[in-house]
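The residues making up each chain are set out below.
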Amino acid sequence: MRILIIEDDAAIGDAIGAALGSAGHAVDRLADGRLADAALRDHPYDLVVLDLGLPGIDGIDLLRRLRSRADAVPVLVATAREELEERVRALDLGADDYLVKPFALREFEARVRALLRRRTSQGVPELQLGRLRLDLPRRRAHVDGAALELTPREFGLLEALATRLDRVVSREQLIEALCSWDTTLTDNGLDIAVYRLRRKLEGSGARIRTARGLGYLLEEDDGARA
Ligand code: CA
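Since this is a predicted model, take the numbers as computed values, not measurements. (Residues numbered from 1 in each chain as written. Predicted model: local features only at pLDDT ≥ 70, side-chain atom pairs only at ≥ 80, totals over all residues. Heavy atoms only, no water.)

**A look at the overall build of the protein chain**
Step number 1: Looking only at helices and strands, one finds 9 helices and 11 strands in the protein chain.
Step number 2: Each of the 226 residues in the protein chain was classed as buried or not, and the buried ones make up 43%.
Step number 3: Looking at the protein chain alone, contacts between residues at least 24 apart form 55% of all its contacts between residues at least 6 apart.
Step number 4: Roughly 11600 Å² of accessible area belongs to the protein chain as shown, and the carbon and sulfur atoms make up 50% of that amount. (Helix = DSSP H or I, 4+ residues; strand = E, 2+ residues; numbered from the N terminus. Buried < 20%, exposed > 50% of the residue type's maximum accessible area, 1.4 Å probe, protein only. Contact = heavy atoms within 4.5 Å. Areas by Shrake-Rupley, 256 points an atom, 1.4 Å probe, with all protein chains shown as cover.)

So, in structure tokens, the structure goes:
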């Protein structure tokens, strides 16, 4: 996913930028509201992390401009302004979530994941890989038009991999993604789900590759492409 961080505090920008980068996101960073406003008009983002106190254009004004041109990109406001009125104002203007500084990086990461999950099911309704077609909102998978029978956990695994196509997804990320289906997924449980999903994907033109020590990635099967 492509994420824009608008933050004029370098230390905070560095920390959240590194966290999002290591989670496999493409991260752009800007410290000035005016530049951010231009970037938001020029590039499609999957998520915006927005500070409110900014040079150039204030974060609240930036948010107002964004929504006034019907841009529905999810916005996570992260700011030191803890006054109730500011929070309400940002939410009323179309912020999707709100974090008051200082915040725990783990909470920040969890909120980003939650916003991106919503984004995925709304913004990318269908994915095609080889002869595998994924209908994410309806949680259905087909190969050559025939329904692929998947358990909710197997579908969740496939979705987590498919929405990060050709990128390595760590075991931790997968377990996190799958915990909405089963909050007690163990390492062993993940291995079993991967094993079963791999078998079901045989001959579909999509395959799960192991990136040793890193995780898994979903990619088009070379054999099927030829
Ligand atoms: Ca600031």
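**Re the pattern of salt bridges**
Step number 1: Under the counting rule described, the total for this entry stands at 18 salt bridges.
Step number 2: Ionic pairing is found between Asp187 and Arg171, a salt bridge with its closest N-O pair at 3.6 Å. Of this pair, Asp187 sits in helix α8 (residues 187-201) while Arg171 sits in helix α7 (residues 171-178); the two residues are 16 residues apart in sequence, bridging distant segments of the chain.
Step number 3: Put simply, Asp37, Arg41, Asp61, Arg64, Arg65 and Arg69 are held in one network by salt bridges that share partners. (Salt bridge = Lys/Arg side-chain N within 4 Å of Asp/Glu carboxyl O.)

**Some words on the environment of Gly203**
Step number 1: Residue position: Gly203 is located in the loop between α8 and β10 (206-211).
Step number 2: Each C-alpha atom, one on Gly203 and one on Arg131, is 8.7 Å from the other, the two residues being 72 residues apart in sequence.

**Details of the packing of helix α6 (residues 152-162) against α8**
Step number 1: Relative orientation of the contacting elements α6 and α8 amounts to 80°, with a least axis distance of 10 Å. Considering the angle they form, α6 stands roughly perpendicular to α8. On α8, the residues that touch Arg153, Glu154, Leu157 and Leu158 of α6 are Gly189, Leu190, Ala193, Val194, Arg196, Leu197, Lys200 and Leu201.
Step number 2: Tallied by class, residues from the contact of α6 with α8 come to 7 nonpolar, 1 polar and 4 charged. (Axes fitted to C-alpha atoms, helices over the stretch in contact; angles between N-to-C directions. Parallel < 35°, antiparallel > 145°, perpendicular 65-115°, else oblique. Nonpolar A, V, L, I, M, F, W, Y, C, P; charged D, E, K, R; others polar.)

**Concerning the sheet that holds strand β9 (residues 146-147)**
Step number 1: Read from one edge to the other, the open sheet built from 4 strands follows the order β6-β7-β8-β9, with strand pairing classed as antiparallel. Sheet topology places β6 (126-129) and β9 at the edges, where each strand pairs with a single neighbour.
Step number 2: Direction of pairing for strand β7 (residues 132-135) relative to strand β8 (residues 140-143): antiparallel, over a ladder of 4 bridges. Residue pairing across strands places Arg133 opposite His142, the latter belonging to β8.
Step number 3: Each of β6, β7 and β8 is contacted by α6, which is oriented at about 100° to β7, the strand it contacts most. (Pairing = 2+ DSSP bridges.)

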